[in-house]
Amino acid sequence: MANVTVIGAQWGDEGKGKLVDWLSNRADVVVRFQGGHNAGHTLVVGNQVYKLSLLPSGVVQGKLSIIGNGVVVDPWHLIGEIETLRGQGVPIDPGMLVLADNACLILPIHRDLDQAREAAATNKIGTTGRGIGPAYEDKVGRRAIRVADLADREALEAKIDRLLAHHAPLRRGLGLPEADPATLLAELLAMAPQILPYAQPAWLLLGEQVKAGKRVLFEGAQGALLDVDHGTYPYVTSSNTVAGQAAAGSGLGPKGPGYVLGIVKAYTTRVGEGPFPTELFDEVGKHLGVVGREVGTVTGRSRRCGWFDAALVRQSVALNGIAGIALTKLDVLDGLPSLKICTGYRLDGQDIGYLPAGLKAQAALTPVYEEMEGWSGTTQGARTWKDLPASAVKYVRRIEELIGAPVALLSTSPERDDTILMRDPFQD
Ligand code: IMP
């Protein structure tokens, strides 16, 4: 299959960045199709650490990188991220970075609203505070400013007026000062020359690349359980994070996404609020957090940690059409004497094999666990299947059985080369 779509199969932070970086080697084009700079991808290459939020991970390997129309773009952040990477010796220019001209912008008013709402809320979502939700609200409300508008002062002025008229009562209600249209216009016009060179009809370029036989890697952000439709609503992000969005968020047809690779952490984590049936509040939970260095790349918040939830990942496999998974951070389980895997839930005395949609039901679930022997040897840095302790192999095999998808790749450390390839997604 020519194209591969990489998505997080849990609540994000599964280690997508490393896998995308690794797979970039085999791809010609890397595309982001949803989310914004709420994502945090850490790539470790030798002794260099690259932290990306908005740029497709392909930029590090000099691949043609596309920020698709489904992404909400904070242009000032984008400029900053390009500068940081250039400072680390990664050349970025409009020849290899393309920004969809129909992508919507995240503006300072969106960040203000996101943060003020979270501060005022009694029932917080625990957002990244980067304006993602309010920007998507304006997109579906048909009043957003898009990349192409930056080239049209007249359109920009009219759009700003309309947008600020909508935001004025919201800001007032939250005690925020009124936003000044002239200031916003001046800020946008001052920034435009730095952004417009990257702007193109990305769908057109992508279609040409596919026709020319190029291999495309779609890079998902966040995770399937944070999807605005299929996730643990309302404790979700504001975009569709499932693999199907790769088509709509890039402008390629429904066959475009190709092989769907789900990235799955060998245990479970989540940041922010919301249900988490296998969450651990004991020493094991702390252990996972410390050994797994479970701190958010974007916000620096500690991630909540828990046992592997096979019911949840099974649901993700179905929602995304996952053909195979990349299992990450198995080494974090090294040394634990016994491990638990959640195979399903009990709800009101009944067995249930999926996460129900209602919040009350979600909160009332009791996980059903299967206990497995841990391993004393190390899996860290293993580069072949034979290097793994027998109990680790058993754990991986059981996961495959329970979720109904095979392991295509196993990642055994943050290092690019500590990856065991079982089957090549680009060949499958
Ligand atoms: P937002 O995307 O900033 O609106 O945040 C909504 C929810 O998604 C919060 O629970 C965030 O913690 C979560 N979230 C957003 N981006 C990521 C990510 O890249 N990894 C994990 N969680 C995320």
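Residues numbered from 1 in each chain as written. Predicted model: local features only at pLDDT ≥ 70, side-chain atom pairs only at ≥ 80, totals over all residues. Heavy atoms only, no water.

## As for the packing of helix H2 (residues 75–87) against helix H6 (residues 181–195)
For the pair H2 and H6, interaxial distance at closest approach is 10 Å and the crossing angle is 40°. One element, H2, and the other, H6, form an angle in the oblique class. H2 and H6 meet at a crossing whose hand is left-handed. Contact with H2, carried on its side by Pro75, Trp76, Leu78 and Ile79, involves Glu187, Leu188, Met191, Gln194 and Ile195 of H6 and no other residues of that element. Taken together, the residues of the contact of H2 with H6 sort by class into seven nonpolar, one polar and one charged. (Axes fitted to C-alpha atoms, helices over the stretch in contact; angles between N-to-C directions. Helix = DSSP H or I, 4+ residues; strand = E, 2+ residues; numbered from the N terminus. Parallel < 35°, antiparallel > 145°, perpendicular 65-115°, else oblique. Left-handed = near helix turned anticlockwise from the far one by under 90°. Contact = heavy atoms within 4.5 Å. Nonpolar A, V, L, I, M, F, W, Y, C, P; charged D, E, K, R; others polar.)

## Some words on the environment of leucine 170
As for its position among the elements, leucine 170 is in helix H5 (residues 153–173). Along the chain, leucine 170 and tryptophan 307 lie 137 residues apart, while their C-alpha atoms are 41 Å from each other.

## Examining the domain arrangement of the chain
It is common to report an interface's size as the accessible area lost on association of the parts. According to the domain assignment, the chain contains domain 1 (4–102 + 199–248), domain 2 (104–195) and domain 3 (265–427). At the interface, 41 residues of domain 1 touch 40 residues of domain 3. Taken over both partners, the interface formed by domain 1 and domain 3 buries close to 3300 Å², and the fraction arising from carbon and sulfur atoms is 62%. When the area that domain 1 buries against domain 3 is broken down by residue, the three leading residues are Gln10, Trp11 and Lys18, summing to 22%. Linking domain 1 with domain 3 are 17 residue pairs in polar contact (both at pLDDT 80 or more), by the criterion used here. Those elements that place two or more of their residues in the side of domain 1 that touches domain 3 are strand E1 (4–8), helix H1 (16–24), strand E3 (41–45) and strand E10 (216–219). Among the elements that make up the side of domain 1 that touches domain 3, the one with the highest residue count is H1 (five residues). Of the residues assigned to the side of domain 1 that touches domain 3, the class counts are 22 nonpolar, twelve polar and seven charged. (Domains from an automatic or database assignment. Buried area = accessible area lost by both parts, 1.4 Å probe. Polar contact = N/O pair within 3.5 Å; in protein donor to acceptor, adjacent residues only side chain to side chain.)

## Focus on the nonpolar core
When a protein is soluble and globular, its nonpolar side chains tend to lie buried together. In this structure, Leu188, Leu330, Leu333 and Tyr395 are the most contacted members of the largest nonpolar core, which totals 90 residues. For this core, the element with the highest residue contribution is helix H12 (residues 390–403), accounting for seven residues. Excluding its chain neighbours within four sequence positions, the residues that come into contact with tyrosine 395 are Ala266, Phe308, Leu330, Leu333, Leu339, Ile341, Met372 and Trp375. (Core = buried A, V, L, I, M, F, W, Y, C linked by side-chain atoms within 4.5 Å. Buried < 20%, exposed > 50% of the residue type's maximum accessible area, 1.4 Å probe, protein only.)

## Observations regarding the site of the ligand
The full set close to the ligand counts 16 residues, and Asp13, Asn38, Thr128, Thr237 and Arg301 are the nearest of them. Between the ligand and the protein, one listed contact pairs an oxygen atom with a side-chain N or O atom of threonine 128 at 2.5 Å. At 2.6 Å from an oxygen atom of the ligand is found a side-chain nitrogen or oxygen belonging to threonine 237. Computed on the free molecule, the ligand has an accessible area of 460 Å², of which 96% lies beneath the protein chains in the complex. In terms of residue class, the shell around the ligand is made up of six nonpolar, eight polar and two charged. (Near = heavy atom within 4 Å. Areas by Shrake-Rupley, 256 points an atom, 1.4 Å probe, with all protein chains shown as cover.)

## Here we look at the pairing of strand E19 (residues 407–411)
Counting buried residues along E19, five of its five residues qualify, which places the element largely inside the surrounding structure. Sheet topology note: the strand E15 (residues 324–328)/E19 ladder contains three bridges and is parallel. When the bridges of E19 are listed, isoleucine 325 appears paired with valine 407. Relative to strand E20 (residues 419–421), E19 runs antiparallel, the two sharing three bridges. In the strand pairing of E20, leucine 409 is matched with leucine 421. (Pairing = 2+ DSSP bridges.)

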